[in-house]
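# Summary of structural features
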Amino acid sequence: MAFVNDNFLNIPETYLFSEIARKVNTYKEENPSANIIRLGIGDVTRPLAPAVIKALHAAVDEMGEASTFRGYGPEQGYAFLRETIVAKDYTARGMDIAPDEVFVSDGAKSDTGNFGDILGPNNVIAVTDPVYPVYVDTNAMAGRAGKPTADGKWEKIVYLPCTKENNFIPELPATRPDVIYLCYPNNPTGTTLKKNELKQWVDYARANDVLILFDAAYEAFISEADVPHSIYEIEGAREVAVEFRSFSKTAGFTGLRCGYTVVPKTVLVNSAEHGRVPLNRLWNRRQTTKFNGTAYIVQRAAEAIYSAEGQQEIKETIATYMNNAGIIRKGVEAKGLSAFGGVNAPYIWLKTPDGISSWQFFDRLLNEMNVVGTPGVGFGPHGEGYFRLTAFGSQAQTEEAMQRIANWKL
């Protein structure tokens, strides 16, 4: 008789966004004529850039010819994309990253979830709260989170509150963890850390032998000069940090799937039997065992993002989403709600009014205004009393949603 991994049985069966989908589908069945505007899940709506489509077609044609057909590619990613990433995302900004420190994948969600494969089961994990659920759930699956508690936390995880009261800037941990997850610009709050604020975390990690897993999936949305696009802009980060990047939101790859992870060879961690060991080698071993690489045609599409044509087209897409973010933030603030984010990220994080819970606000917004958002408590206990709206709809949908909210009797 086979046994399951009991850690999976500790995790709520319903994932946040599947629960939202269930509620919306139920409402839609009961109200088939309802015009529902979805500003909840962070999925994009604008089509792929022309430069990307052109590259996809060319790569597909290559796959149709024996002389240019490709089968299995390198699990780490083709050299043409890894070298382009290094040149455009790091060297151009004065950072020293090598191509063999870049690992192309099918997205940041997969990599942030899978990276725990190479970390020991007894590591103490710290997360900012509210937090992207994957960081918590995958550690729970691995047994590093312990048991869930009545207050919505996990017994072994260290929570670093990010609320209106501390301007969404987490304090350094009172007790030392082994691994810290940071996501900036932040999902779900849309807030950021400035360079001097991120430096405190790098300095803390160096002084306390802590590994930082830094999710920079939204760096392309940054508009303010003092907000770092990469943790490697901070001196010493190459010793303590792994960085995750994604093409999903910046280039519309949510359906195409491509991202990458940077694992500097200078990031060393502890082994009970072997002393200090480099994570780069271990992540490479993990990927070559469990992953056959991102599709060639997708990597050619990703390469096209960095062309002059692609960069201009992507900037236009990002500008469209950030214009939506401004419309949303202005709209909810005009309604008298406290709003955060929407300046360096496509997310607006608002405070629910009059003690209304996150799910109560969700239900009322859906049922009364036919607008879908995301309950803040779904991102962790400190998200209770907050609500997330995304800027990934069309401008017409965004404006219509704000008009509905303007007329809403809260």
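It should be emphasised that the depicted structure is a prediction, and the values quoted were computed from it without experimental measurement. (Residues numbered from 1 in each chain as written. Predicted model: local features only at pLDDT ≥ 70, side-chain atom pairs only at ≥ 80, totals over all residues. Heavy atoms only, no water.)

## Things to note about the nonpolar core
Of all hydrophobic cores here, the largest spans 95 residues; its most connected members are Ile85, Ile231, Tyr232, Phe247, Phe253 and Val332. The greatest single-element share of this core, amounting to seven residues, is contributed by helix H10 (residues 308-334). Contact partners of Phe253, with chain neighbours within four places excluded, come to Leu48, Val52, Phe247, Ser248, Cys258, Val298, Ala301, Ala302 and Ile305. One finds Phe103, Phe115, Ile125 and Val242 within the second-largest nonpolar core, a separate group that totals 31 residues. (Core = buried A, V, L, I, M, F, W, Y, C linked by side-chain atoms within 4.5 Å. Buried < 20%, exposed > 50% of the residue type's maximum accessible area, 1.4 Å probe, protein only. Helix = DSSP H or I, 4+ residues; strand = E, 2+ residues; numbered from the N terminus. Contact = heavy atoms within 4.5 Å.)

## Things to note about the sheet that holds strand E12 (residues 347-351)
Judged by pairing direction, the sheet is antiparallel, and its four strands sit side by side in the order E11-E12-E15-E14 without closing on themselves. The open sheet has two edge strands, strand E11 (339-341) and strand E14 (374-375), and neither has a second partner. The pairing of E12 with strand E15 (residues 386-390) spans five bridges and is classified as antiparallel. Looking at E15, one finds that Leu350 is bridged to Phe387. (Pairing = 2+ DSSP bridges.)

## Quick notes on helix H3 (residues 79-90)
Given a rise of 1.5 Å per residue, 12 residues ought to cover 16 Å, and the 16 Å separating the end C-alpha atoms of H3 matches this to within 8%. Among the structural elements, strand E2 (102-105), strand E7 (241-246), strand E8 (259-262) and helix H9 (296-305) are those in contact with the buried residues of H3. (Expected span 1.5 Å × (residues − 1).)

## Things to note about the pattern of salt bridges
Under the criterion given, the structure shown has 19 salt bridges. Asp89 is the partner of Arg245 in a salt bridge, and the nearest nitrogen-oxygen pair spans 3.7 Å. Taken together, the residues span a long stretch of sequence, with Arg245 in strand E7 and Asp89 in helix H3 at a distance of 156 residues. There is no split in this pair, since Arg245 and Asp89 are both buried. A salt bridge links Glu368 to Arg364; the nearest nitrogen and oxygen atoms lie 3.0 Å apart. Of this pair, Glu368 and Arg364 both sit in helix H11 (residues 358-369), four residues apart, roughly one helical turn. (Salt bridge = Lys/Arg side-chain N within 4 Å of Asp/Glu carboxyl O.)

## What about the pairing of strand E5 (residues 179-183)?
Along E5, five of the five residues are buried, which leaves the element largely enclosed by surrounding structure. Of the two faces of E5, the one carrying Val179, Tyr181 and Cys183 and the one carrying Ile180 and Leu182 are both buried. In this sheet, E5 lies alongside strand E3 (residues 125-129) in parallel orientation, the contact comprising three bridges. Each residue of the ladder has a partner; that of Ile125, found in E5, is Val179. As judged from the five bridges shared by E5 and strand E6 (residues 211-215), these two strands associate in the parallel manner. Its bridge partner being in E6, Ile180 is matched across the sheet by Ile212.

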